[in-house]
Structures are given as structure tokens and as C-alpha cells.
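# Fold and contact review
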Amino acid sequence: MLESTVAAIRPLDETAMATARELQGRLTKPAGSLGALEPLSVRLAGLAGTCPPPLPEPAAVAIFAGDHGVHAQGVTPWPQEVTAQMIANFVAGGAVVNAFARQAGASVTVVDVGVATPLPVAPGADPAGPRLVAANVRPGTRDLTVTAALTRDEARTAVETGIRIAGELVDAGAGILLTGDMGIGNTTPAAALIAAFTGVDAAAATGRGTGVDDETYARKVGVVRAALERHAPDPADPLGVLAAVGGLEHAALAGLILGAAARRVPVLLDGVIAVSAALAAAAFAPDAVGAMVAGHRSAEPGATAALRHLGLDPLIDLGLRLGEGTGALLALPVVTGAVRVLHEVATFDSAGVAEK
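None of these values were measured; they are calculated from a predicted model.

## Things to note about helix H7 (residues 187-198)
- Between the first and last C-alpha of H7 there are 16 Å, a value that for 12 residues agrees with the 16 Å anticipated at 1.5 Å per step.
- Buried within H7 we find Thr-187, Thr-188, Pro-189, Ala-190, Ala-191, Ala-192, Leu-193, Ile-194, Ala-195, Ala-196 and Phe-197.
- For H7, the secondary structure elements touched by its buried residues are helix H8 (202-205), helix H9 (214-231), helix H10 (238-245), helix H11 (248-262), helix H12 (272-284) and helix H13 (301-310).
- Where H7 terminates, the next one or two residues include Gly-199, which has phi positive at roughly 85 degrees.

## Notes on the pattern of salt bridges
- According to the stated counting rule, one finds 16 salt bridges in the structure shown.
- A salt bridge links Arg-219 to Glu-215, with the shortest nitrogen-to-oxygen separation between them at 3.4 Å. On the criterion of helical spacing, the pair formed by Arg-219 and Glu-215 is a turn pair, its members being four residues apart in helix H9.
- For Arg-219, a relative accessible area of 31% corresponds to the partly exposed category.
- Residue Glu-215 is classed as exposed on the basis of its relative accessible area, which comes to 59%.

## Things to note about the packing of H7 against H9
- H9 packs onto H7 with a crossing angle of 50 degrees between their chain directions and a minimal axis gap of 9 Å. The angle between H7 and H9 places the two elements in the oblique class. Crossing angle aside, the handedness with which H7 passes H9 is right-handed. Residues Thr-187, Thr-188, Ala-191, Ala-192, Ala-195 and Ala-196 of H7 touch H9, and the partners they reach there are Lys-220, Val-223, Val-224 and Leu-228.

## Some points on the sheet that holds strand E1 (residues 59-66)
- On the basis of which strands lie adjacent, the open sheet formed by six strands has the order E3-E2-E1-E4-E5-E6 and parallel pairing. Edge positions in the sheet fall to strand E3 (131-134) and strand E6 (292-294), since each has one partner strand and no second. The average undirected angle you get between the axes of adjacent strands in this sheet is 25 degrees.

## Concerning the environment of Thr-50
- Tracing the backbone through its elements, the reader meets Thr-50 in the loop between helix H3 (37-48) and E1.
- On the accessibility criterion, Thr-50 (37% relative accessible area) is partly exposed.
- Distance from Thr-50 to Pro-79, taken between C-alpha atoms, is 48 Å for residues 29 residues apart in sequence.
- Discounting residues that sit within four places of it in the chain, Thr-50 has contacts with Ala-16 and Ala-45.

## What about the environment of Arg-102?
- Within the fold, Arg-102 resides in helix H5 (residues 96-104).
- Residues Arg-102 and Ala-278, 176 residues apart in the sequence, show an inter-C-alpha distance of 26 Å.

## Here's the deal with the side chain of Thr-5
- Take Thr-5: it is sitting in helix H1 (residues 2-8).
- For Thr-5, a relative accessible area of 8% gives the class buried.

## Some points on empty space enclosed by the protein
- Applying the stated criterion across every chain yields a total of one cavity of 30 Å³ or more.
- Taken as a whole, the largest cavity encloses approximately 30 Å³ of empty space.
- Lining of the largest cavity is provided by Ile-9, Arg-10, Leu-12, Leu-47, Ala-261, Arg-264, Asp-287, Gly-290 and Ala-291.
- Its residues assigned to classes, the lining of the largest cavity shows five nonpolar, one polar and three charged.

## Regarding the pairing of strand E4 (residues 176-182)
- Buried residues dominate E4, accounting for seven of its seven residues.
- In terms of strand pairing, E1 meets E4 through seven bridges, oriented parallel. Bridge pairing in E4 links Ala-59 to Ile-176.
- Pairing geometry for E4 and strand E5 (residues 267-269), over two bridges, is parallel. Residue pairing across strands places Leu-178 opposite Leu-268, the latter belonging to E5.

## With respect to the layout of surface pockets
- In this structure, the largest pocket spans a volume of roughly 520 Å³.
- Looking at the largest pocket, it is lined by 30 residues, and the ones nearest its centre are Ile-184, Asn-186, Thr-210, Arg-321 and Leu-322.
- The set of elements that each furnish at least two residues to the lining of the largest pocket consists of helix H4 (82-92), E4, H7 and H12.
- Grouping the constituent residues of the lining of the largest pocket by class yields 11 nonpolar, 12 polar and seven charged.
- Approximately 210 Å³ is the volume found for the second largest pocket.
- Lining the second largest pocket are Ala-36, Pro-39, Leu-40, Arg-43, Val-293, Ala-294, Gly-311, Leu-312, Asp-313, Pro-314 and Leu-315.
- Of all elements in the fold, only H3 and E6 reach the threshold of two or more residues within the lining of the second largest pocket.
- The dominant element in the lining of the second largest pocket, judged by the number of residues it contributes, is H3, at three residues.
- Across the lining of the second largest pocket, the residue classes break down as eight nonpolar, one polar and two charged.

Reading the values: the criteria
Residues numbered from 1 in each chain as written. Predicted model: local features only at pLDDT ≥ 70, side-chain atom pairs only at ≥ 80, totals over all residues. Heavy atoms only, no water. Helix = DSSP H or I, 4+ residues; strand = E, 2+ residues; numbered from the N terminus. Expected span 1.5 Å × (residues − 1). Buried < 20%, exposed > 50% of the residue type's maximum accessible area, 1.4 Å probe, protein only. Contact = heavy atoms within 4.5 Å. Salt bridge = Lys/Arg side-chain N within 4 Å of Asp/Glu carboxyl O. Axes fitted to C-alpha atoms, helices over the stretch in contact; angles between N-to-C directions. Parallel < 35°, antiparallel > 145°, perpendicular 65-115°, else oblique. Left-handed = near helix turned anticlockwise from the far one by under 90°. Pairing = 2+ DSSP bridges. 1 Å grid on protein atoms, 1.4 Å probe; cavity = no way out; pocket = protein on both sides within 12 Å on 5 of 7 lines; lining within 4 Å. Points joined across faces, edges and corners; volume = space filled by probe spheres on them. Nonpolar A, V, L, I, M, F, W, Y, C, P; charged D, E, K, R; others polar.

In C-alpha cells:
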């Protein structure tokens, strides 16, 4: 599945993009006056292979959840059980992501891809609420400071889980996929992934996550640096990088991105977990970047390094660091607006408006 998905990912359609640029130049507004929305609309036309591209709706958020063996190194003060507890909160509709999803009219799918503790809610407990998918590869990763976090087979299974979920959501009618994540301690493997793929120093890739104190932050940087030294992950081998220092949710998100790109559907990235996974997706298939839209700039410093490496500019910058898919949901109306302009704004000729 992974190989066939990567093989299906193609470059953006240059003809559709040229048509979109030409149309932008004829709309009743000064050229370039919509700033970043104009190149975004052009890129989405290239992804869809037509101008105007389809409106990015309905939206579907996929939250992948997993736990991490590196939690034992004291990189976060939060107990690991919170991952499972938050899944119950997602399914009950009580988290921030649920509030924002209701506002945006987006569906929410929660995928247990590697939670270590028993879930307090069963899949299908509330058919009317957010969907919970059981796809646990293993109960949390191994401690990446001691050994590889995952085997290559486990990493592949998680990636292919993300591909499968992307396909299911697109087949159900989703016009845009949004990345979500949950996993206590998951900013530590995210930092390791970002450092491995971009080459930045561990300190530049590592942030304070849930807001840890100076002592914990220093320990966290040391853990990331030690993991990189132990495994020396090769960025040309993305599956190997994910196995060595990644998380199950990171691998699954990489798969979701690849699956969206293969289906020519945009994927709106959330924060640092999502962009660390996006680096892996880009290493598998460089043309997958064409499907990626950076929703926001996370407060985590590694997110900026990752976006720079991907060549993506975030749509909003609100100092967010929650995850779950919250930043992507807040950016969703911006993406919709960029496309709606191509559908609904009159040209100078059709409106009878004089050009300069």
C-alpha cells in the first residue's frame, strides 16, 4: 500500500495553475491584493487539475493518538494515562477540537494507533458523535533513548493506517483533510524527527511542549540529542527515521498526508506534530508537498524549522501549541475563502468595471 500510494503522487498541474493565475488577474480587485490567498488558490487548482478547484468541503479532521516510551525519561509532567482520557473527551465532544470542529462543520475521526493504556470508551459507543477507530499497532512506542522506538514493520503499519483513513474519509466525501494528534510526550519525538529531516540542532528543534519548566526542558533537549546520536537516522530513509525516533501518531499522520496527496485532496496541517510528520511524507514523496497547506505557526520552534524546510508559509500565527487539530480548524475558513474567490468573484469584463 505504501509503495503504490507514493507512486500515485504526481506534481501539480501547471496548466490549471496558469489558468488560475490568469483568472486572478481578471477578477475585480487589484492584482495581488489578496496576498497569500492568491498563490494558495493557484496551488489548489494545480492539485485538483482544474480551475476553479473544488471548494474544500466538507472538512474531516483525523486525530491519531499514541503513547511514547520516552515518557519514562521525564520529558513531561503529564501522566501517560491522559492520552486515553483525552480520547474519551474527544469522543464525548468536550475538547477544544470538538468546539472548533462544530464551528467549522467538520467531522472528527479519532484513531487509536498506539495508546498504551485501556481506553475508557469503546469504538462505536456513540454513533452520532465523533468516530473512534481501533487501529492499535502496539501499546506505545519503545524508549527512543534506549532502542528504536518502532520496528520498520510497525512504522509501516502505522503509515499505512494513515493512508487507509485518508482513503476512507475521501471516499465518504471529504474535500479537505485536517491533521489532528494526541499523545502525552509526543513533542519529543516530533523534535527528533524535525532535527533528523532538517539538520537543525536538537535545541532548535525542541520546544516546551505543554509548558515545561527550565529543568525539564533541558532534559528534553538532552533526550532528543541523545536519541539522534544513538540512531543517526538517515533522512533519505523516511521509514527508518520514523522507526528510530518517531511515534505511531507521527507515522500515521505521514500516511494521511500521503493518502491525501495521492487522491489530489488538500491536507491542512496543524502544529508541530503534523509538520514533523509532513517532513516524513515529503521524504517519501517530494510532490506530496503540493497537497499540504500550513494552517498555522505553532509556538514550538521546531515547527518553524520544519515549515521552512518544506517551503510552506503558515496562514495564521496565534501562538497556539495545543495540537488536536485546533490550529488547522481555525485556518480552514481562510482556505475556503481562497477557493471561493475563484468561484464567485466577478471579472472586470463581466461586472462592467473599468480596469486601470
